[in-house]
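Single-letter residue listing:
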Amino acid sequence: MKILKTFWNSPMGPKTTHFWGPAFNWGLPFAAFLDTKKPPELISGSMTGVMCVYSALCMRFAWMVQPRNLHLLACHASNESVQLYQLSRWAMALRSSEEEQQQQKKEEEADKK
């Protein structure tokens, strides 16, 4: 019971935003993870890039704030990982789409001749 009381009254406990902010923030990496099942054509490259920058800034904040918020750091490190994966999926899909368009143009030019 003493451990629970210590956690309850700690600077990182459930009475503070240091606890509830990261707790609700876990929705971001969870949603991004669920989006890995969707086709890469549906990924917004600009929004994913913004989410990468956002998580990187929040990781720095979580490390620098006193007391250190390791819960928030873990949350944003997870989000950064998933968002970078999504960004790589988007880039590969964009590259393959451009290659297909170039191939189609070559075929059309060959048909005209």
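Because the structure is predicted, anything quoted here is derived from the model rather than measured.

The rules we used
- Residues numbered from 1 in each chain as written.
- Predicted model: local features only at pLDDT ≥ 70, side-chain atom pairs only at ≥ 80, totals over all residues.
- Heavy atoms only, no water.
- Helix = DSSP H or I, 4+ residues; strand = E, 2+ residues; numbered from the N terminus.
- Rg over C-alpha atoms; globule rule 2.2 N^0.38 Å.
- Buried < 20%, exposed > 50% of the residue type's maximum accessible area, 1.4 Å probe, protein only.
- Contact = heavy atoms within 4.5 Å.
- Areas by Shrake-Rupley, 256 points an atom, 1.4 Å probe, with all protein chains shown as cover.
- Patch = residues over 30% accessible without salt bridge, like charges linked within 9 Å, V, L, I, M, F, W, Y side chains within 5 Å.
- Salt bridge = Lys/Arg side-chain N within 4 Å of Asp/Glu carboxyl O.
- Lys, Arg positive; Asp, Glu negative; His and termini not counted.
- Charge placed at Lys NZ, Arg CZ, Asp CG, Glu CD.
- Axes fitted to C-alpha atoms, helices over the stretch in contact; angles between N-to-C directions.
- Parallel < 35°, antiparallel > 145°, perpendicular 65-115°, else oblique.
- Left-handed = near helix turned anticlockwise from the far one by under 90°.
- Nonpolar A, V, L, I, M, F, W, Y, C, P; charged D, E, K, R; others polar.
- Phe/Tyr/Trp six-rings, centres within 6.5 Å; stacked < 30°, edge-to-face > 60°.
- Expected span 1.5 Å × (residues − 1).
- Arc of directions from axis to C-beta.

Scanning the chain for helices and strands turns up 5 helices and 0 strands. Starting at the N terminus, the α and β elements of the chain follow one another as α-α-α-α-α. What you see for the chain is a C-alpha radius of gyration of 21 Å, clearly larger than the 13 Å of a compact globule of 113 residues, by over 25%. Expressed as lengths along the three principal axes of its C-alpha atoms, the size of the chain is roughly 85 × 25 × 15 Å. Within the chain, buried positions represent 26% of all 113 residues. Taking the contacts inside the chain whose residues are at least 6 apart along the sequence as the reference set, 70% of them involve residues at least 24 apart. Summed over its atoms, the accessible surface of the chain is roughly 8,300 Å², and 65% of this surface lies on carbon and sulfur atoms.

Turning to a negative patch on the surface, a few remarks are in order. Together, Glu41, Glu98, Glu99 and Glu100 make up a negatively charged patch on the protein surface. Within the secondary structure, Glu41 is located in the loop between helix 3 (27-35) and helix 4 (45-64).

Taken together, Met1, Leu4 and Phe7 make up a surface patch of nonpolar side chains, about 380 Å² in accessible area. Within the secondary structure layout, Met1 lies in the segment before helix 1 (2-9). Take Met1: its relative accessible area is 83%, and that puts it in the exposed class.

This brings us to the packing of helix 2 (residues 17-25) against helix 5 (residues 70-112). Between two packed helices, the angle of one axis relative to the other and the distance separating the axes together describe the packing. Helix 5 packs onto helix 2 with a crossing angle of 15 degrees between their chain directions and a minimal axis gap of 8 Å. Here helix 2 lies roughly parallel to helix 5, going by the angle between them. Like other packed secondary-structure pairs, helix 2 and helix 5 cross with a definite hand, here left-handed. Touching Phe19, Pro22, Ala23 and Asn25 of helix 2 are His71, Leu72, Cys75 and His76, all from helix 5.

The next thing to look at is the packing of helix 4 against helix 5. As a packed pair, helix 4 and helix 5 sit with axes 8 Å apart at the nearest point and diverge in direction by 155 degrees. What the angle tells us is that helix 4 and helix 5 run roughly antiparallel. Remark: the crossing between helix 4 and helix 5 carries left-handed chirality. When the residues that make up the contact of helix 4 with helix 5 are grouped by side-chain class, the tally is 16 nonpolar, 8 polar and 1 charged.

Two aromatic rings are characterised by how far apart their centres lie and by the angle between their planes. Within the structure shown, the criterion is met by 2 aromatic pairs. Ring centres of Phe19 and Trp20 lie 4.8 Å apart, and the angle between their planes is 90 degrees; this geometry places the pair in the edge-to-face category. Pairwise contacts between aromatic rings join Phe19, Trp20 and Phe24 into one cluster.

Look at helix 4: 29 Å from first C-alpha to last across 20 residues, which is about the 28 Å you get at 1.5 Å a residue. The complete set of buried residues in helix 4 reads Gly45, Thr48, Met51, Cys52, Ser55, Cys58 and Ala62. Buried residues in helix 4, looked at end-on, bunch into an arc of 150 degrees, giving them a common side. Turned more than 90 degrees away from the buried face of helix 4, the exposed residues are Ser46, Val53, Leu57 and Arg60.

Each neighbour pair has its own omega, and for Gln66 with Pro67 the value is -5 degrees, a cis peptide bond. Note on placement: Pro67 falls in the loop between helix 4 and helix 5.

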